[in-house]
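Architecture and fold: a report
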Amino acid sequence: MSTDQTGQRVEVYPGREVIVEFDPELTFECVDDCTWCCQHGVLLYDRDFLGLAERANLNESTTEFRGHDFVRREEKDRDEHVAEDGAACYFLREDGLCSLHAEHDWKPARCSVFPLAVTREDGELHVDIRDSAHEHCEGLDVSERRVIDELDAFLPEVLWELDNPDSDREL
Ligand code: SF4
Ligand code: SF4
């Protein structure tokens, strides 16, 4: 395959397709210790908000911005796994792991989707690489694992049920 084959349809779950806008040859493997995508606020779809309520204190861990719920960022008392301003996702631990994932085997949908971006256009889901990921995500094109072959690992099925799954909304 080559880059001119972007725009192809891929069935991710039975009857649930996406239109792939990135190079089908793109590979990805998350790089230990990078944690760049965990240094930001995290968009919470409604179902994530409810799921988070079962696992964490929402008053402490979330904030609302422009009508959307997010996991908030907080100042961390450390030099590693923080953005330039010294803050990171509320759930990012000192060891670079996500406490939700490590302790509850669960994380918000947006965290699975990254470094992809999902949008709905004319009723169809389109998937591309998030703009900021090209610049900051260290996991692109460093392995043999083609993203297009494992889209179900990035795209929770709930995305097909949302009126606005746009994953690029930021805090
Ligand atoms: S919730 Fe967990 S996986 Fe998601 S950004 Fe925060 S630390 Fe990272
Ligand atoms: S920015 Fe990319 S490589 Fe870094 S932690 Fe996130 S997904 Fe992994």
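Check the entry above for the structure.
Since the model is a prediction, treat every value here as computed from it, not as a measurement.

The subject of this paragraph is the nonpolar core. Counting 34 residues, the largest nonpolar core has Val18, Phe22, Leu116, Leu151, Leu155 and Leu159 as the members making the most contacts within it. Ignoring anything within four residues of it in the chain, the contact list for phenylalanine 22 reads Thr6, Leu116, Val127, Asp128, Ile129, Val147, Ile148 and Leu151. Residues Val71, Val82, Cys89 and Phe91 belong to the second largest nonpolar core, which totals 13 residues.

The local shell around ligand 2 consists of Phe28, Cys30, Val31, Cys34, Thr35, Trp36, Cys37, Phe114, Cys137, Glu138 and Gly139. Counted by class, the shell around ligand 2 contains eight nonpolar, two polar and one charged residues.

A cluster of acidic residues, Asp32, Asp33, Asp77, Asp79, Glu80 and Glu94, forms a negative patch on the protein surface. Topologically, glutamate 94 is positioned in the loop between strand E7 (87-89) and helix H3 (99-104). Taking relative accessible area as the criterion, glutamate 94 reaches 59% and is therefore assigned exposed.

Turning to the packing of aromatic side chains, a few remarks are in order. Under the criterion given, the structure shown has five aromatic pairs. Consider the rings of phenylalanine 28 and phenylalanine 154, whose centres lie 5.6 Å apart with planes at 65 degrees: the pair is edge-to-face. Highlighted residues: phenylalanine 28 in the loop between strand E2 (16-20) and strand E3 (42-44) and phenylalanine 154 in helix H6 (residues 151-154), separated in sequence by 126 residues. Residue classification places phenylalanine 28 among the buried residues on the basis of a relative accessible area of 8%. On the numbers, 6.4 Å between centres and 65 degrees between planes, the contact of phenylalanine 65 with phenylalanine 70 is edge-to-face.

Attention now moves to the side chain of aspartate 69. With respect to the helices and strands, aspartate 69 occurs in strand E5 (residues 68-71). Other than its neighbours up to four places away in sequence, aspartate 69 contacts Val42, Leu43, Leu44, Phe49, Thr63 and Glu64.

All right, on to the side chain of arginine 110 then. In this structure, arginine 110 sits in helix H4 (residues 109-113). Residues in contact with arginine 110, not counting those within four places in the same chain, are Cys37, Gly41, Val42, Leu43, Tyr45, Asp48, Arg130 and Ser167.

Next up on the list: the pattern of salt bridges. Following the criterion strictly, the structure yields 16 salt bridges and no others. For arginine 16, the salt bridge is made with glutamate 157, and the minimal N-O distance between the two is 3.4 Å. In this pair, arginine 16 sits in strand E2 while glutamate 157 sits in the segment after H6, placing the two residues 141 residues apart along the sequence. When its relative accessible area of 36% is taken as the criterion, glutamate 157 is described as partly exposed. Glutamate 25 is paired through a salt bridge with arginine 146; the nearest N and O atoms lie 3.1 Å apart.

Rules of the game
- Residues numbered from 1 in each chain as written.
- Chains lettered and ligands numbered in written order.
- Predicted model: local features only at pLDDT ≥ 70, side-chain atom pairs only at ≥ 80, totals over all residues.
- Heavy atoms only, no water.
- Core = buried A, V, L, I, M, F, W, Y, C linked by side-chain atoms within 4.5 Å.
- Buried < 20%, exposed > 50% of the residue type's maximum accessible area, 1.4 Å probe, protein only.
- Contact = heavy atoms within 4.5 Å.
- Near = heavy atom within 4 Å.
- Nonpolar A, V, L, I, M, F, W, Y, C, P; charged D, E, K, R; others polar.
- Patch = residues over 30% accessible without salt bridge, like charges linked within 9 Å, V, L, I, M, F, W, Y side chains within 5 Å.
- Areas by Shrake-Rupley, 256 points an atom, 1.4 Å probe, with all protein chains shown as cover.
- Salt bridge = Lys/Arg side-chain N within 4 Å of Asp/Glu carboxyl O.
- Lys, Arg positive; Asp, Glu negative; His and termini not counted.
- Charge placed at Lys NZ, Arg CZ, Asp CG, Glu CD.
- Helix = DSSP H or I, 4+ residues; strand = E, 2+ residues; numbered from the N terminus.
- Phe/Tyr/Trp six-rings, centres within 6.5 Å; stacked < 30°, edge-to-face > 60°.

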